[in-house]
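Coordinate analysis (summary)
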Amino acid sequence: MEKIRSSKIKKEKFQRLVGAAFSLFPLFLAANIFFILLLKAFPLLTFKSLPSLIFSSAWQPVKGQFGLWPFILGTFWVTITAFALAVPVSILTSIYIAEYAPDQLKKILVPVIDLLAGLPSVIYGMWGVLLIVPLVGKYLAPLFDTYSSGYSILAAGIVLAVMILPTIINVSVEVLNSVPMALKEAALSLGATRFEVVRYVVLKKALPGIVAACVLGLSRAFGETIAVLMVVGNVPEIPRSLFSPAYPLPALLANNYGEMMSIPGYESALNLAAFLLLLIVLSFNLLARWYLTKLNRRTG
Amino acid sequence: MESRGRLSLKNLNVYYGKNHVLKNVNLEIPEKKITVIIGPSGCGKTTLLKCLNRLLDEGEEARVEGQIIVDGQDIYAPEIDVTLIRKKMGLLSQKPQVLPMSIYDNVAFGPRLFGLKHRPQLDQLVEKYLKLAGLWDEVKDRLHEPASRLSIGQQQRLCLARGLAVEPEIILGDEPTSALDPQSSRNVEQQLLRLKQDYTIVLVTHILRQARRLADYVAFLYLGELVEFGPASEIFSNPKDPRTMAYITGEIS
């Protein structure tokens, strides 16, 4: 009896140890990615200053010029465009689905949105090339009296917006559904209309969750690679308008990493670009987290 | 104006799909008294209460037949503005549902919906109804804190104040003390006893002792049927129906 018991305790100790080891693994992985990029980027930093790399817009690897500014700007332009298009649409859609849509419509809409969330991004890229690029080049740009090949920030923004819509909608609908019926009833029984309940109570209660949903979409938008590089034009210039082409960081990496690595400093420059992308996404997530805690503290 | 706050239910039937939850209920709820609806869980008490301010319209498919007359008006008549009906009744739910905003804004919520913006007037209302709900002294220095920071008993009294602020004639309570500790429960009960001078109160409870403490009239619901209705003293001392007898002696619960 005693023996069985002590072997059980040993077993449990062992299990706990293994569990701890595995749960530390993600931590190790994150640190590993961080340092490996930094390490690889370091050689370039020994003969160029960091600000001169980040803020210069001359990108001519053969001449040893590695200005990353156009790529950084391209990343922000595309992401912000997508975000600005996606957020209003997805919030309105999720409110409609959660609060107003009849059950039959919900039964069709929700699975379709799930399906869209799971499509491979290259499919979105092809859809963008086939539909959005010509749309922007032939119809939208002339409307604003400019020329555009169609391969542009706007095309990338639209494609990207469509890609992050399902994610934001799905999470927002979950959040809105989690607002207790009894709370809505409390507001209704004070004489509020359905719309007033949504406007003053449901949205307020759901705001932190909806912000989190948007951040999830934003993170995805920052990092999305294939679909964007297929429609964005990939020209390393400072973007002038939504109709200009751009060259976001992920596209730069995907297009060039592994090629022409013999050019001195090139690999190092690409690693620096990757590191910057990592920092951008990371800082947005931290910012969002800080904002969320603030929000939660305020409304409780 | 005759008898404000009088409720009568005529041939009320409620169905959830094929489920017949309330069966031909006829009930005259007297004004400015506390009427307590008792009965075992699942007997339709909450459904009955939610019919009274048409909350059944929201939520899942429920079909309501029959009439509910409030101040001479059938509240299920098609031309009725449902928000005005609901404004006539304050609702206290099982768990206090404070709105995600400050204490002040919770009380001011209803009046603001109906267009009151004048700040001094709102201040007055907030103070008046927090006092009426017996909460003013505890919160007067922190009116602009989130309501969620109040204790649960305070939250329920805040809900009472918020409900009173739309100037209802009727207070509906759906087991309003079931989530509260004994001290807070007693506090809410005391407020209700005080408020019956001015309001018609309809309470649902499954706590018989609470019903004895509060009720002027008692309605006993069993399996969707109104078995017995009458003055509390009669129902508790001399019930006519054997099922009522069985329930109040604890044989069925």
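Residues numbered from 1 in each chain as written. Chains lettered and ligands numbered in written order. Predicted model: local features only at pLDDT ≥ 70, side-chain atom pairs only at ≥ 80, totals over all residues.

**Structural notes on the overall build of chain B**
Our working definition: In this text, helices come from DSSP runs of H or I with a minimum length of four residues, and strands from runs of E with a minimum of two, each type numbered from the N-terminal end. Atoms considered for the radius of gyration are the C-alpha atoms alone. The globule rule reads 2.2 Å times the number of residues to the power 0.38. Each residue is classed by its C-beta neighbour count within 10 Å, where at least 20 other C-beta atoms makes it buried, 12 or fewer makes it exposed, and intermediate counts make it partly exposed; the C-beta atoms are placed from backbone geometry. Here, residues touch in the contact sense if the C-beta positions derived from the backbone fall within 7 Å of one another.
Within chain B, the regular secondary structure consists of 10 helices and 10 strands. In summary, chain B has a C-alpha radius of gyration of 18 Å against a globular reference of 18 Å for 253 residues, a match within 12%. Along the first, second and third principal axes, the C-alpha set of chain B runs to 55 × 45 × 35 Å. Within the span of chain B, comprising 253 residues, buried residues form 45% of the whole. Long-range contacts, defined as pairs at least 24 residues apart, comprise 69% of the intrachain contacts of chain B with a sequence gap of at least 6.

**Comments concerning the overall build of chain A**
What chain A contains, in helices and strands, is 11 helices and two strands. Secondary structure elements of chain A occur, N-terminal to C-terminal, as α-α-β-β-α-α-α-α-α-α-α-α-α. By the compact-globule yardstick of 19 Å for 300 residues, chain A is too spread out, its C-alpha radius of gyration being 24 Å. Along the three orthogonal principal directions, the C-alpha set of chain A runs to about 75 × 70 × 35 Å.

**What about helix α4 (residues 103-118) of chain A?**
Counted only if it meets this: For a helix, the expected span equals 1.5 Å multiplied by the number of residues minus one.
Taking 1.5 Å per residue as the helical rise, α4 of chain A with its 16 residues ought to reach 22 Å, and the 23 Å between its terminal C-alpha atoms agrees with that figure. Counted residue by residue, α4 of chain A has one buried out of 16 residues, so it is predominantly exposed.

**Notes on the domain arrangement of chain A**
A common measure of how large an interface is: the accessible area buried when the components associate. Residues and elements named next belong to chain A. Rule in force here: Domain extents, as shown, originate in an automatic or database domain assignment. Under the grouping applied here, Gly and all other residues not named as nonpolar or charged are polar, the nonpolar ones being Ala, Val, Leu, Ile, Met, Phe, Trp, Tyr, Cys and Pro and the charged ones Asp, Glu, Lys and Arg.
Examined at the domain level, chain A breaks down into domain 1 (2-47) and domain 2 (55-299). Summarising the inter-unit geometry, the C-alpha centres of domain 1 and domain 2 are found 33 Å apart. In this assembly, seven residues from domain 1 lie in contact with 10 residues from domain 2. For the side of domain 1 that touches domain 2, a count of residues per class yields six nonpolar, no polar and one charged.

**As for the interface of chain A and chain B**
Taken residue by residue, the interface counts 19 residues in chain A and 27 residues in chain B. Secondary-structure elements contributing two or more residues to the side of chain A that touches chain B are α7 (181-188), α8 (194-223) and α11 (266-299) of chain A. The element contributing the most residues to the side of chain A that touches chain B is α7 of chain A, with seven residues. Grouping the constituent residues of the side of chain A that touches chain B by class yields nine nonpolar, five polar and five charged.

**Let's talk about the packing of helix α3 (residues 103-113) of chain B against helix α4 (residues 119-132) of chain B**
Residues and elements named next belong to chain B. What counts is decided by this rule: Lines are fitted to the C-alpha atoms to define the axes, a helix being fitted only along its stretch in contact, and any angle between axes, read from their N-to-C directions, falls within 0 to 180 degrees. Comment on the angle field: the value is read as roughly parallel under 35 degrees, roughly antiparallel over 145, roughly perpendicular from 65 to 115, and oblique elsewhere.
Close contact between α3 and α4 brings their axes to 9 Å; oriented N to C, the two are set at 110 degrees. Judged by the inter-axis angle, α3 sits roughly perpendicular to α4. Counted together, Tyr-104, Val-107, Ala-108 and Pro-111 of α3 and Leu-122, Leu-125, Val-126, Tyr-129 and Leu-130 of α4 form the full contact between these two elements. Across the contact of α3 with α4, the residue classes break down as nine nonpolar, no polar and no charged.

**With respect to the packing of α3 of chain B against helix α6 (residues 152-164) of chain B**
All names here are of chain B. What counts, and what does not: Take the far helix as your reference; a near helix turned counterclockwise from it by less than a right angle gives a left-handed crossing, and one turned clockwise gives a right-handed crossing.
Where α3 contacts α6, the axes come no closer than 7 Å and their chain directions differ by 30 degrees. The crossing of α3 and α6 is right-handed. Each of Ile-103, Asn-106, Val-107, Phe-109 and Gly-110 in α3 lies in contact with α6, whose residues at this interface are Leu-158, Ala-161 and Arg-162. Here the residues of the contact of α3 with α6 are counted per class, giving five nonpolar, two polar and one charged.

**A word on the domain arrangement of chain B**
Residue and element names in this part refer to chain B. Once the domains are mapped, chain B shows domain 1 (1-88 + 168-253) and domain 2 (98-164). The gap between the C-alpha centroids of domain 1 and domain 2 is 26 Å. It is helix α7 (residues 182-195) that contributes the most residues to the side of domain 1 that touches domain 2, four residues altogether. When grouped by side-chain class, the residues that make up the side of domain 1 that touches domain 2 number six nonpolar, three polar and one charged.

**A short note on the nonpolar core**
Formally: A set of buried Ala, Val, Leu, Ile, Met, Phe, Trp, Tyr and Cys residues, joined through C-beta atoms within 7 Å, is what we mean by a nonpolar core.
One finds Ala-155, Val-159, Leu-160, Val-231, Val-232 and Ala-273 of chain A together with Ala-161 of chain B to be the most contacted residues of the largest nonpolar core, which totals 149 residues. It is helix α6 (residues 153-177) of chain A that provides the largest number of residues to this core, a total of 18 residues. Leaving out residues up to four positions away in the same chain, Ala-161 of chain B has contacts with Val-107, Tyr-129, Leu-130, Leu-132, Ala-133 and Leu-135 of chain B.

**Description of the environment of Glu-65 of chain B**
All names here are of chain B. Turning to its location among the elements, Glu-65 is positioned in strand β4 (residues 62-70). You can call Glu-65 exposed: it has 12 C-beta atoms within 10 Å. Sequence separation of Glu-65 and Ser-151 is 86 residues, and the distance between their C-alpha atoms is 40 Å.

**Regarding α7 of chain B**
With 14 residues, α7 of chain B ought to run about 20 Å at 1.5 Å a step, and its terminal C-alpha atoms sit 20 Å apart, in line with that. Turning to α7 of chain B, the residues buried within the fold contact β3 (34-38), α6, β8 (200-204) and α8 (208-214) of chain B.

**As for unusual backbone geometry**
The phi torsion at Asn-234 of chain A lies on the positive side, around 55 degrees, for a residue other than glycine. When you line up the elements, Asn-234 of chain A lands in the loop between α9 (226-231) and α10 (249-256). A tally of 19 C-beta atoms within 10 Å means that Asn-234 of chain A is categorised as partly exposed. In the Ramachandran plot, Asn-11 of chain B falls in the positive-phi region, its phi being about 45 degrees despite a non-glycine side chain.

**Description of the pairing of β4 of chain B**
Residues and elements named next belong to chain B. So the rule is basically this: Following DSSP output, two strands are said to pair if at least two bridges run between them.
Sheet topology note: the strand β1 (residues 7-16)/β4 ladder contains eight bridges and is antiparallel. Looking across to β4, one finds that Leu-9 is bridged to Ile-68. As defined by bridge partners, β4 adjoins strand β5 (residues 73-74) across two bridges and the pair is classed as antiparallel. Looking across to β5, one finds that Ile-69 is bridged to Asp-74. Between the end of β4 and the start of β5, which pair antiparallel, lie two residues, with Asp-71 showing a positive phi angle near 50 degrees.

**Comments concerning the pairing of strand β10 (residues 225-231) of chain B**
All names here are of chain B. Relative to β10, strand β9 (residues 217-222) runs antiparallel, the two being bridged by six bridges. Residue pairing in the sheet places Ala-219 in a bridge with Phe-229 of β10. Connecting β9 to the antiparallel partner β10 that follows it, the hairpin turn spans two residues, and Leu-223 within it adopts a positive phi of roughly 50 degrees.

**Points about the environment of Cys-51 of chain B**
Residue and element names in this part refer to chain B. Along the chain, the position of Cys-51 falls in helix α1 (residues 45-52). Taking the C-beta count within 10 Å as the criterion, Cys-51 has 23 such neighbours and is therefore assigned buried. With sequence-adjacent residues up to four places away left out, Cys-51 is seen in contact with Leu-12, Val-14, Leu-56, Val-64 and Ile-68.

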